[in-house]
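# Examination of the molecular architecture
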Amino acid sequence: MKEDRQLLVITHLTQLLDFVTGIGGFIVPLVLWLTKKDEIIDMDEHGKAIINFRISMFIYILICIPLILLLGLGIIGLIVIGIFYLIFPIINAIKASNNEAPNYPLSIQFIK
């Protein structure tokens, strides 16, 4: 195994592809994690954190959709999720470059 902080940073930042492609922010980090988790030190930890975050946010989006009908609460939830999608990949990319563990708040641990 080798250390590649730059690839870890890129893996976190590829989540931002959602703003360009719609789904690339899930597919690209998933592929990077699955192909490099045994080759790059800490890739398994960072990849799991990203995938857990992405799945959790998707579930929260599904919860927000019917809440739009309830006084527009779902719209507020979607705005907060959009902010999370933008800010936390950047924060965790910086953490990865500093050799720190990733932390995505409100993530449900589907993959341990």
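Residues numbered from 1 in each chain as written. Predicted model: local features only at pLDDT ≥ 70, side-chain atom pairs only at ≥ 80, totals over all residues. Heavy atoms only, no water.

Further remarks concern the packing of aromatic side chains. Under the criterion given, the structure shown has 3 aromatic pairs. With centroids separated by 6.1 Å and ring planes inclined at 75 degrees, the aromatic side chains of phenylalanine 53 and tyrosine 85 adopt a geometry described as edge-to-face. You can see phenylalanine 53 sitting in helix α4 (residues 43-67) and its partner tyrosine 85 sitting in helix α5 (residues 73-97), a full 32 residues away along the chain. With respect to class, phenylalanine 53 is no different from tyrosine 85; both count as buried. (Phe/Tyr/Trp six-rings, centres within 6.5 Å; stacked < 30°, edge-to-face > 60°. Helix = DSSP H or I, 4+ residues; strand = E, 2+ residues; numbered from the N terminus. Buried < 20%, exposed > 50% of the residue type's maximum accessible area, 1.4 Å probe, protein only.)

Attention now moves to α5. Under the 1.5 Å per step criterion, the end-to-end length of α5 is 36 Å for 25 residues, consistent within 8% with the ideal 36 Å. Taken together, the buried positions of α5 are Gly74, Gly77, Ile81, Phe84, Tyr85, Phe88, Pro89, Asn92, Ala93 and Ala96. Backbone geometry just after α5 places asparagine 99 at a positive phi near 60 degrees. (Expected span 1.5 Å × (residues − 1).)

Turning our attention to the environment of isoleucine 91. Looking at the secondary structure, you find isoleucine 91 in helix α5. A residue is classified by how much of its surface remains accessible, and isoleucine 91, at 33% relative accessible area, is partly exposed. Along the chain, isoleucine 91 and leucine 13 lie 78 residues apart, while their C-alpha atoms are 9.5 Å from each other.

Interaxial distance between helix α1 (residues 5-13) and α5 falls to 8 Å at its minimum, and their mutual angle equals 175 degrees. Classified by the angle between their axes, α1 and α5 sit roughly antiparallel to one another. Residues Arg5, Leu8, Val9, His12 and Leu13 of α1 form the contact with α5, whose participating residues are Pro89, Ile90, Asn92, Ala93, Ala96 and Ser97. (Axes fitted to C-alpha atoms, helices over the stretch in contact; angles between N-to-C directions. Parallel < 35°, antiparallel > 145°, perpendicular 65-115°, else oblique. Contact = heavy atoms within 4.5 Å.)

Turning next to the environment of phenylalanine 26. With respect to the helices, strands and loops of the structure, phenylalanine 26 is situated in helix α3 (residues 24-36). C-alpha of phenylalanine 26 to C-alpha of isoleucine 40: the two residues are 14 residues apart in sequence and 20 Å apart in space. Ignoring any residue separated from it by four or fewer positions in sequence, one finds phenylalanine 26 in contact with Asp18, Ile51, Arg54 and Ile55.

Our focus in this paragraph is the pattern of salt bridges. With the rule as written, the count across this model stands at 5 salt bridges. A salt bridge links aspartate 42 to arginine 5, with the nearest nitrogen and oxygen atoms 2.9 Å apart. Of the two residues, aspartate 42 sits in the loop between α3 and α4 while arginine 5 sits in helix α1, which places them 37 residues apart along the sequence. Its relative accessible area of 28% is what places aspartate 42 among the partly exposed residues. Here glutamate 39 and lysine 36 are joined by a salt bridge, their closest N and O atoms 3.3 Å apart. Look at glutamate 39 and you get partly exposed, because its relative accessible area is 39%. (Salt bridge = Lys/Arg side-chain N within 4 Å of Asp/Glu carboxyl O.)

Another point: α3. Its 13 residues place the ends of α3 18 Å apart at the C-alpha level, agreeing with the 18 Å of an ideal helix rising 1.5 Å per residue. Buried within α3 we find Gly24, Gly25, Pro29, Leu32 and Trp33. Burial along α3 is one-sided: seen end-on, the buried residues are contained in an arc of 150 degrees. Of the surrounding elements, those touching the buried residues of α3 are α1, α2 (18-21) and α4. (Arc of directions from axis to C-beta.)

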